[in-house]
Amino acid sequence: MAEIAIASPDDVRQIQRRRSLDDLSIRLSLQAVERNGVWVARDEGEVIGIAVARDSQDERFVGDLFVEPSYRDAGIGASMIEAAFGSRDDAGRAMLVGTGDAAALTLALRFRMAPNEVLLRFAGAIPREEELAKMAAGDYRFEVAAVDAAMHAGALNELDRQARGTIRAGEHEEFARNATGHAFFLGGESIGYAYVWPDGHLGPMACAAEAYLVQILAYALVTMQRKYSATWCTALVPGSNRRIARAALRAGLRIEESFLLAHDSFIGEMSTYVAYHRMLL
C-alpha cells in the first residue's frame, strides 16, 4: 500500500521532471513545498503520485493531482486529496481537473466539490501595437500606478474578494516582486489590476466590472511587449469571462488546454477574472 507524506523538494523534482513539466510548473510546485502544500505517494521509496495545493484566506486550492498510470484505481489519488484537504478543514475546497479526466472529476465530486467553471488556456503571438491600440480605444481613461502590495492592499483585497472569492494578500507581494503589476483607477476609485510576466504569462487580472476588461487587457499586452520585448503570451481565462475570451480569439490567440474548476463554496465572479497558471489560480 502506498505511503502518503508531505513532499520534500527532491520528491517534487523527481516526479515533476519525470512528467516533463515545464520549468514554471516545477518552480510553482517547489514554492508550494516551502509552504508544506505538497503531498506525495510513495511505493517502496519511489514517488508515484503528487498533489500540489495553495492556500488563500478562505480556501485551499489543489491545482495539480497526478498518479502514475500503473498505480491508478487503487485509491491513491483519494488518499492524497484527503491528506491535502484534511490538514485545513476550516477552509473552502477547490480543485482543477482536466476536462477529459473522468477519474479526477469523480474524485472531486466524492469530496463535495462540484464543477461549475471551465478554464481555457489561450496562447499565441501578441498582436501588433496598432491592433492593441484598437482594443485599448474604449470609453474609459484610467489612472494607472505600479502595484504596491502594501499601499494598495485594501483595493486588491476587495477586487480579489469579488472576482476570485477570497483574499490573497501575501501573493500580491510575491507577484509585485517577480512580475510587472499595474493598478487601475477611475475617478480615484480602484477598478482593476493586472500582472504580466517576463515569460509571456498574463495574470492574475481582476476588474470591478466587465466593461473595463478589454481595455485593461490591451494595456497589459502593450506592457508585456515594451517591458519584456515579448512576442508570445498565454493566459488562463474562465469560460464565463466572455469578453476576454472573444477578444483573445479576435487577436489570433488559440485555446490550447481546458480545465474544470470544482469547488464547495463561493469562488467569485469569474467573468471579471483572468488566472495566471493552473497551480496558482
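The present account deals with the structure reproduced in this document. (Residues numbered from 1 in each chain as written. Predicted model: local features only at pLDDT ≥ 70, side-chain atom pairs only at ≥ 80, totals over all residues. Heavy atoms only, no water.)

## Quick notes on the environment of Ala-176
Now for step 1: With respect to the helices and strands, the residue Ala-176 is situated in helix 7 (residues 169-178).
Now for step 2: When the C-alpha atoms of Ala-176 and Asp-148 are compared, they prove to be 7.2 Å apart, with 28 residues separating the residues in sequence.
Now for step 3: When neighbours within four sequence positions are excluded, Ala-176 is seen to be in contact with Val-147 and Tyr-195. (Helix = DSSP H or I, 4+ residues; strand = E, 2+ residues; numbered from the N terminus. Contact = heavy atoms within 4.5 Å.)

## Remarks on the state of the cysteines
Now for step 1: Applying the stated criterion to the full structure yields 0 disulfides.
Now for step 2: Considering cysteine sulfurs only, Cys-233 is the nearest to Cys-207, which forms no disulfide, with 16 Å between them. (Disulfide = S-S within 2.5 Å.)

## Considering the pattern of salt bridges
Now for step 1: The final tally for this structure, using the stated rule, is 20 salt bridges.
Now for step 2: Across the salt bridge formed by Glu-210 and Arg-243, the nearest N and O atoms sit 3.9 Å from each other. Remark: Arg-243 occurs in helix 9 (residues 242-250) and Glu-210 occurs in the loop between strand 10 (202-207) and helix 8 (213-228); sequence separation between them is 33 residues.
Now for step 3: A relative accessible area of 29% means that Glu-210 is categorised as partly exposed.
Now for step 4: A single salt-bridge network, built from bridges that share partners, covers Arg-35, Arg-54, Arg-168, Glu-171 and Glu-174. (Salt bridge = Lys/Arg side-chain N within 4 Å of Asp/Glu carboxyl O. Buried < 20%, exposed > 50% of the residue type's maximum accessible area, 1.4 Å probe, protein only.)

## Here's the deal with the packing of helix 8 against helix 9
Now for step 1: Contact geometry for helix 8 and helix 9: axes closest at 9 Å, N-to-C directions at 50°. One finds that helix 8 runs oblique with respect to helix 9. Between helix 8 and helix 9 lies a crossing whose hand is right-handed. Side by side, helix 8 and helix 9 meet where Leu-213, Val-214 and Leu-217 of the first sit next to Arg-243, Ile-244 and Ala-247 of the second. (Axes fitted to C-alpha atoms, helices over the stretch in contact; angles between N-to-C directions. Parallel < 35°, antiparallel > 145°, perpendicular 65-115°, else oblique. Left-handed = near helix turned anticlockwise from the far one by under 90°.)

## Notes on helix 8
Now for step 1: With 16 residues, helix 8 should reach 22 Å at 1.5 Å per residue; the first-to-last C-alpha distance of 22 Å fits that figure.
Now for step 2: Counting buried residues in helix 8 gives 12 out of 16 residues, a clear majority hidden from the surface.
Now for step 3: The complete set of buried residues in helix 8 reads Leu-213, Val-214, Gln-215, Ile-216, Leu-217, Ala-218, Ala-220, Leu-221, Val-222, Thr-223, Met-224 and Gln-225.
Now for step 4: For helix 8, the elements touching its buried residues are helix 5 (129-136), strand 8 (180-186), strand 9 (189-196), strand 10, strand 11 (232-238) and helix 9. (Expected span 1.5 Å × (residues − 1).)

## Thoughts on the sheet that holds strand 9
Now for step 1: Sheet architecture is open: 5 strands sit in the order 7-8-9-10-13, paired in antiparallel fashion. If you trace the sheet from one side to the other, it starts and ends with strand 7 (143-146) and strand 13 (273-274), each paired once.
Now for step 2: The pairing of strand 9 with strand 10 spans 4 bridges and is antiparallel. Following the sheet pairing, Tyr-193 is matched in strand 10 by Ala-206. (Pairing = 2+ DSSP bridges.)

## Quick word on the layout of surface pockets
Now for step 1: One number sums up the size of the largest pocket: a volume of about 840 Å³.
Now for step 2: Listing elements by their share of the lining of the largest pocket, those giving two or more residues are strand 4 (59-67), helix 3 (76-86), strand 5 (92-98), helix 4 (102-110), strand 11 and strand 12 (254-263).
Now for step 3: It is helix 4 that provides the largest number of residues to the lining of the largest pocket, a total of 5 residues.
Now for step 4: Of the residues contributing to the lining of the largest pocket, the split by class is 19 nonpolar, 8 polar and 11 charged. (1 Å grid on protein atoms, 1.4 Å probe; cavity = no way out; pocket = protein on both sides within 12 Å on 5 of 7 lines; lining within 4 Å. Points joined across faces, edges and corners; volume = space filled by probe spheres on them. Nonpolar A, V, L, I, M, F, W, Y, C, P; charged D, E, K, R; others polar.)

## So, the packing of aromatic side chains
Now for step 1: Summed over all chains, the structure comprises 9 aromatic pairs.
Now for step 2: One aromatic cluster in this structure is built from Tyr-140, Phe-142, Phe-184, Tyr-212 and Tyr-219. (Phe/Tyr/Trp six-rings, centres within 6.5 Å; stacked < 30°, edge-to-face > 60°.)

## Quick look at the sheet that holds strand 12
Now for step 1: The strand order across the open sheet built from 8 strands is 1-2-3-4-5-12-6-11, with neighbouring strands paired in mixed fashion. Where the open sheet ends on each side, the last strands, each with one partner, are strand 1 (3-6) and strand 11. Mean inter-strand twist for the sheet, computed between neighbouring axes without regard to direction, equals 25°.
Now for step 2: Two elements, strand 2 (residues 38-43) and strand 3 (residues 46-55), share 6 bridges in a ladder whose sense is antiparallel. Note that in strand 3 the partner of Val-38 across the bridge is Val-52.
Now for step 3: Contacts from helix 3 reach strand 1, strand 2, strand 3, strand 4 and strand 5 within the one sheet, and its direction differs from that of strand 4 by about 160°.
Now for step 4: Against the sheet, helix 4 touches strand 4, strand 5, strand 6 (114-125) and strand 12, its axis set at about 165° to strand 5.

## Quick look at the packing of helix 5 against helix 8
Now for step 1: Orientation of helix 5 relative to helix 8, taken along the N-to-C sense of each, is 150°, at an axis distance of 8 Å. If you check the angle between helix 5 and helix 8, you find them roughly antiparallel. Relative to helix 8, the crossing made by helix 5 is left-handed. Facing Glu-129, Leu-132, Met-135 and Ala-136 of helix 5, the residues of helix 8 in contact are Val-214, Gln-215, Leu-217, Ala-218, Leu-221, Val-222, Gln-225 and Arg-226.
Now for step 2: When grouped by side-chain class, the residues that make up the contact of helix 5 with helix 8 number 8 nonpolar, 2 polar and 2 charged.

These results come straight from atomic positions and should not be treated as a statement about function.
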